[in-house]
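Okay, here's what each chain looks like letter by letter:
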Amino acid sequence: MYDLTWTSDVFRRQSDIFGITQPGSQGSPMNEQLNISTVQDDNGVRVVVEGELDLSTAPLLDAALIATEATPATTITLDIDGVSFIDSTGLRTLLEAHARSQQDGNRIRLTRGSPQAQRLFALAAVDDVLPFVDP
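Residues numbered from 1 in each chain as written. Predicted model: local features only at pLDDT ≥ 70, side-chain atom pairs only at ≥ 80, totals over all residues. Heavy atoms only, no water.

Visitor: So, the packing of aromatic side chains: which residues are in play, and what are the values?
Guide: If you walk through the whole model with that rule in mind, you get one aromatic pair. Considering the side-chain rings of phenylalanine 121 and phenylalanine 132, the 5.2 Å spacing of their centres and the 45° angle between planes classify their relative orientation as tilted. Placement of the pair is phenylalanine 121 in helix H4 (residues 115-123) and phenylalanine 132 in the segment after H4, with a sequence separation of 11 residues. Phenylalanine 132 matches phenylalanine 121 in its accessibility class, with the two residues each being buried. (Phe/Tyr/Trp six-rings, centres within 6.5 Å; stacked < 30°, edge-to-face > 60°. Helix = DSSP H or I, 4+ residues; strand = E, 2+ residues; numbered from the N terminus. Buried < 20%, exposed > 50% of the residue type's maximum accessible area, 1.4 Å probe, protein only.)

Written out as structure tokens, the structure reads:
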């Protein structure tokens with residue numbers, strides 16, 4: 001067993017590393033626009049992402065994925081069905097995670113996400129590149 005609990009202390013350390021804060025939050029790195037949770041299941045780890053994946057939140061997802069990749073999980077499913085918006089920075093984060101995964105046993109898989117996300121993947125011509133799975 002391994003601990004994948006994300007607490008404000010974890011995000012506080014990420015804030016120290018990445019300098020991420022929410023505007024008007026008095027230095028708190030928690031972002032109400034993005035919620036990331038991890039669930040261990042029989043098939044490995046599911047990283048559930050809800051909210052907006054953009055310039056201000058992508059570093060949080062990247063840090064969560066890097067931490068999850070450091071576990072012995074054989075598969076990592078990135079569940080983006082709850083993501084309402086993805087910009088180019090969010091897309092880059094997904095592509096970088098995929099590139100790391102290719103070097104580390106192809107452990108990361110993604111759900112297809114919202115219609116907006118699927119449209120972005122098609123417009124960026126990565127819908128045949130990213131390893132999608134059914135939820």
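Picking up where we left off.
Visitor: Give a detailed account of unusual backbone geometry, specifying residues and quantitative values.
Guide: Unusually for a residue other than glycine, asparagine 106 sits at a positive phi of about 55°. In this fold, asparagine 106 is placed in the loop between helix H3 (88-103) and strand E4 (108-110). A relative accessible area of 38% places asparagine 106 in the partly exposed class. Although it is not a glycine, alanine 125 adopts a positive phi angle of roughly 60°. In this structure, alanine 125 sits in the segment after H4. For alanine 125, a relative accessible area of 52% gives the class exposed.

Visitor: Mind laying out the sheet that holds E4, listing which residues take part and the relevant values?
Guide: Strand order in the open sheet made by the four strands is E1-E2-E3-E4, with mixed pairing throughout. For this open sheet the edge positions go to strand E1 (34-41) and E4, each flanked by a neighbour on one side alone. Averaged over all adjacent pairs, the angle separating strand axes in this sheet is 20°, with direction ignored. The sheet contact formed by E1 and strand E2 (residues 44-53) spans eight bridges and is antiparallel. Bridge pairing in E2 places glutamine 40 opposite valine 45. Lying over the sheet, H3 contacts E2, strand E3 (76-86) and E4, oriented at roughly 170° with respect to E3. (Pairing = 2+ DSSP bridges. Axes fitted to C-alpha atoms, helices over the stretch in contact; angles between N-to-C directions. Contact = heavy atoms within 4.5 Å.)

Visitor: Describe H4, naming the residues involved and giving the relevant values.
Guide: The complete set of buried residues in H4 reads Ala117, Leu120 and Phe121. Down the axis of H4, the sector holding all buried residues measures 100°, keeping them to one side. Away from its buried face, by an angle of more than 90 degrees, H4 presents the exposed residues Pro115, Arg119 and Leu123. Here the buried face of H4 lies against E3 and H3. Two residues or fewer past H4, alanine 125 is found with a positive phi of approximately 60°. (Arc of directions from axis to C-beta.)

Visitor: Break down the environment of valine 48 for me, with residues and values.
Guide: With respect to the helices, strands and loops of the structure, valine 48 is situated in strand E2. The class of valine 48 is buried, set by a relative accessible area of 18%. Distance in space between the C-alpha atoms of valine 48 and aspartate 81 is 8.1 Å, their sequence separation being 33 residues. Apart from residues lying up to four places away in sequence, valine 48 is in contact with Asn35, Ile36, Ser37 and Asp79.

Visitor: Explain the pattern of salt bridges residue by residue, including any values.
Guide: Considering all chains together, one arrives at five salt bridges under this definition. Here glutamate 69 ties to arginine 100 by a salt bridge, and the two come within 2.9 Å at their closest N and O atoms. Of this pair, glutamate 69 sits in helix H2 (residues 58-69) while arginine 100 sits in helix H3, and the two are 31 residues apart along the sequence. Under the relative-accessibility criterion, glutamate 69 is labelled buried at 16%. The closest approach of N and O atoms between aspartate 104 and arginine 107, which form a salt bridge, is 3.0 Å. The network of salt bridges with shared partners includes Asp62, Glu69 and Arg100. (Salt bridge = Lys/Arg side-chain N within 4 Å of Asp/Glu carboxyl O.)

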